Amino acid sequence: MVFLSVGLFRSGRFCSHLTRHEQVCARAGFTLKKTQSVSCEISGHRAGNSLHLRAAPSAPRLLFCGRGPKPCLQICPKTASPLRSGPVQTRCLHTSAPLRALPAPLIWIVLKPLQKLMAMILGRSIRKWWVALPDNRRQLMRQWAWQRRWPLAAGAGVAMVIAALLLLTHLDESPVTGRTRLLVFSRENYMELAALTSQAYMEEFAELLVPVTDPRHKVVERVVQHLAQRNKDIPEVSDVTWSVHVVQSPNVNAFVLANGKVFMFTGMLDAVADIHQLTFVLGHEMAHALLGHSAEEASLSHVVDLLSLILLTAIWAVCPRDSLALLGHWVQDKLTKLMFSRPYSRKLEAEADRVGLQLAAKACADVRASPVFWQQMELREQLTGEPALPEWLSTHPSHRNRFTQLDGLIPQALELRESCVCPALPAADPRVVFSKSVQVLLQNAKDQGRGGSQVASKPHLPHSPASLPTPLPAALLAQTAPPPSPSVDQESGGPVPDVASAPVPAPTEGVGPQVGVQTS
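None of the values given here were measured: they were computed from a predicted structure.

**A closer look at the packing of aromatic side chains**
The full count for this structure, using the stated rule, is ten aromatic pairs. Note on W129 and W130: the rings are 6.2 Å apart at their centroids and 55° apart in plane angle, and the pair reads as tilted. With a relative accessible area of 45%, W129 lands in the partly exposed category. Ring centres 6.2 Å apart and planes at 45° place the aromatic pair F255 and F265 in the tilted group. In this pair, F255 sits in strand β11 (residues 254-256) while F265 sits in strand β12 (residues 261-265), placing the two residues ten residues apart along the sequence.

This is how it looks when you write it as structure tokens:
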């Protein structure tokens, strides 16, 4: 075995100690030395990808090559005649690629079912052991536990205190909102998991991705970049590289991963009525990413699952039959979701709505259109007959509650928008426009049901197209305005960058937020 260590001199030459722990063959014309360790001073120079080493003018030349995946060491003898060439000894140094540890959340996801299985096996084994005990042994065990009830209770209390201290050391402050939360997994862990997840999504949607030249991709790209530019004062926004992927699918869905990968479905683009609603939807999804909601929700789920393992073990140990234990396991799982997971998920969704509204306000969108989006979604479900789960069974708040919450936050959002040097909003309020449009639609449907002849003569809207809000403020619709650039400062008093030079695939001229309802 050969060990080669190289040090760099100021002159640019190298020195090394070559130690051999085996006898070296003398086929190259060397003098054999029968010793267990041979050390010699070596000097050399580097040429290209090779390192030439020589101990003395009369010593053989050593060539260290690092061009391939396996670096090799060649020992060449010094020949008397240039026409003669001695044999060359080559020894390759085997190297291995560095191993990267799996992200902690991924390991937890893999081990989660195994933990439940082990708890079930442990509880069942305890039950079988207890049943096999004689009656006198059971009585002795009960007496032993009763006599030591206080030390056992003290041990349980110490364990609870230790667990509480561990949880307190993992408390963190949420960005933007300043809320105290529990984070078992760090943001760096979830960045690694997000990279794996985004790669899997890219493979899944490989044949459904809309080309980057498509107008729908362009408008989503510009809105995302505009949101990132106008909210660059938030470190969690400016530190992430945001990239957009539009998926051709009728699903009304959109999501953003922790590493800034935005996935927008064309069904969502058909559901929004204008660019303001699209800005709010993207702001909501970006808020999930910058607030680290995925890591926060997984941390709570991890703690709840660990506590549930104790209860699961007790269920399988106490229930006399496996069928009753399976029933108790199912009830315990449903109660855990209803009492912890789903309420917490609804809380995070409501927080993402608030922060997303702030992001949209700083991006100079018409924040009054954000509550209208949830009114449209509620009406869409009613018209299409889609079943709606009760809120207490869902991971998201109901559309009506989200509308109510956002409608109460509009005054604060308008003040924030005004403080960010944004263009003035049109006089027509999208909420009023939507309410009147729904009234007209209901009246038209009533008249059509009666078979009245006045339906055709009725105007479609109770107001003229000129009174409708424009899809974007004038500064945002200016075709001559440059695309959003990182050099534009949010606090500057200059014009707001253009966020959409391509048309949004929902509204047409003279049609406001109510178009999403009509197309539904």
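**As for the nonpolar core**
Note on soluble globular proteins: their nonpolar side chains tend to be buried together. Of all hydrophobic cores here, the largest spans 45 residues; its most connected members are V220, W242, M264, L278, L282, L357 and L359. If you tally residues by element for this core, the top one is helix α8 (residues 275-291), at ten residues. Residue contacts for L278: discarding those within four places in its chain leaves V223, M264, L269 and V272.

**Focus: the sheet that holds β11**
In spatial order, the strands read β10-β12-β11; together these three strands make up an open sheet with mixed pairing. Two strands in the sheet have a free side with no partner beyond their single neighbour: β10 (243-247) and β11. Each strand axis lies, on average, 15° off the axis of its neighbour in the sheet, ignoring direction. Relative to β12, β10 runs parallel, the two being bridged by five bridges. Paired with S243 across the strands is K261, a residue of β12. Each of β10 and β12 touches helix α5 (residues 215-230); the most contacted strand, β10, lies at about 145° to it.

**Brief notes about the side chain of R127**
One can find R127 in helix α1 (residues 104-132). Residue R127 is classed as buried on the basis of its relative accessible area of 7%. At 3.0 Å, the side chain of R127 forms a polar contact with the backbone oxygen of P320. Setting aside its immediate chain neighbours within four residues, R127 contacts W316, A317, C319, P320, R321 and D322.

**Quick notes on the pairing of β12**
Regular strands have side chains that alternate between both faces of the sheet. For β12, a buried count of four out of five residues is recorded, marking the element as mostly surrounded by other parts of the structure. Here β11 runs beside β12; their pairing, made up of three bridges, is antiparallel. By the bridge assignment, A254 is partnered in β12 with M264. The turn linking β11 back onto β12 is made up of four residues, and G260 within it adopts a positive phi angle of 90°.

**Description of helix α4 (residues 187-204)**
A rise of 1.5 Å per residue sets the reference length of α4, with its 18 residues, at 26 Å; its end C-alpha atoms lie 25 Å apart and thus fit the reference within 8%. Considered for burial, the residues of α4 that qualify are Y190, L193, A194 and S198. An end-on view of α4 places all buried positions within 145° of arc, on one side of the element. Seen from the open side of α4, the exposed residues pointing more than 90 degrees away from its buried face are E188 and E203.

**Brief notes about the state of the cysteines**
Applying the stated rule across the entire model yields one disulfide. Across the disulfide, C364 is cross-linked to C422 (sulfur-sulfur distance 2.0 Å). Between C364 and C422, the S-S dihedral sits near -75°, and the bridge is therefore left-handed. Placement of the pair is C364 in the loop between α10 (322-362) and α11 (369-384) and C422 in the loop between α12 (399-419) and α13 (430-450), with a sequence separation of 58 residues. C364 gets classed as buried once you look at its relative accessible area, which sits at 0%.

**Describing the pairing of β10**
Of all five residues in β10, five are buried, a share of seventy percent or more. The side-chain alternation of β10 yields two buried faces, one formed by S243, H245 and V247 and the other by V244 and V246.

**Concerning the packing of α10 against α12**
The geometry of α10 relative to α12 is characterised by a closest axis approach of 9 Å and an angle of 30° between their N-to-C directions. Classed by the angle they form, the pair α10 and α12 counts as roughly parallel. Judged by the twist between their axes, the crossing of α10 over α12 is right-handed. Contacts from E349, A350, D353, R354, L357, Q358, A361 and K362 in α10 reach R402, Q405, L406, L409, I410, A413, L416 and R417 in α12. Here the residues of the contact of α10 with α12 are counted per class, giving eight nonpolar, two polar and six charged.

Basis of the calculations
- Numbers given for residues are sequential positions, taken from 1 along each chain in its written order.
- Per-residue local features are limited, in this predicted model, to residues with pLDDT of at least 70; the limit for side-chain atom pairs, both in listing and counting, is 80 or more; totals at the level of whole chains, interfaces and linings are taken over all residues.
- Side-chain calculation: all heavy atoms of the structure are included, whereas hydrogens and water are not.
- The pairing test for Phe, Tyr and Trp rings, Trp by its six-membered ring, is centres within 6.5 Å, and the orientation test on the planes gives stacked under 30 degrees, edge-to-face over 60, and tilted for anything in between.
- Summary of the burial criterion: residues with accessible area below 20% of their type's maximum are buried, those above 50% are exposed, and those between are partly exposed, where the area comes from a 1.4 Å probe applied to protein chains only.
- Going along the chain from the N terminus, every DSSP run of H or I of four or more residues is numbered as a helix, and every run of E of two or more is numbered as a strand.
- Each nonpolar core is a collection of buried residues, namely Ala, Val, Leu, Ile, Met, Phe, Trp, Tyr and Cys, held together in the definition by side-chain atoms within 4.5 Å.
- It only takes one pair of heavy atoms within 4.5 Å for two residues to be counted as in contact.
- When DSSP finds two or more bridges between two strands, those strands count as paired.
- Only the contacting stretch of a helix is used when fitting its axis, a line to C-alpha atoms as for every element, and angles between N-to-C directions run 0 to 180 degrees.
- N or O atoms closer than or at 3.5 Å make up a polar contact, with two conditions inside protein: a donor-capable atom paired with an acceptor-capable one, and, for residues adjacent in sequence, both atoms drawn from side chains.
- The length a helix should cover is 1.5 Å for every residue beyond the first.
- Think of it as the arc spanned by the lines of direction from the helix axis to the C-beta atoms.
- Cysteine sulfur atoms that pair up within 2.5 Å are treated as a disulfide.
- An angle below 35 degrees is treated as roughly parallel, one above 145 as roughly antiparallel, one from 65 to 115 as roughly perpendicular, and anything else as oblique.
- If you view the pair so one helix is near and one far, a crossing is left-handed when the near helix is turned anticlockwise from the far one by less than a right angle, and right-handed when it is turned clockwise.
- Charged means Asp, Glu, Lys or Arg here, nonpolar means Ala, Val, Leu, Ile, Met, Phe, Trp, Tyr, Cys or Pro, and polar covers whatever is left, Gly included.

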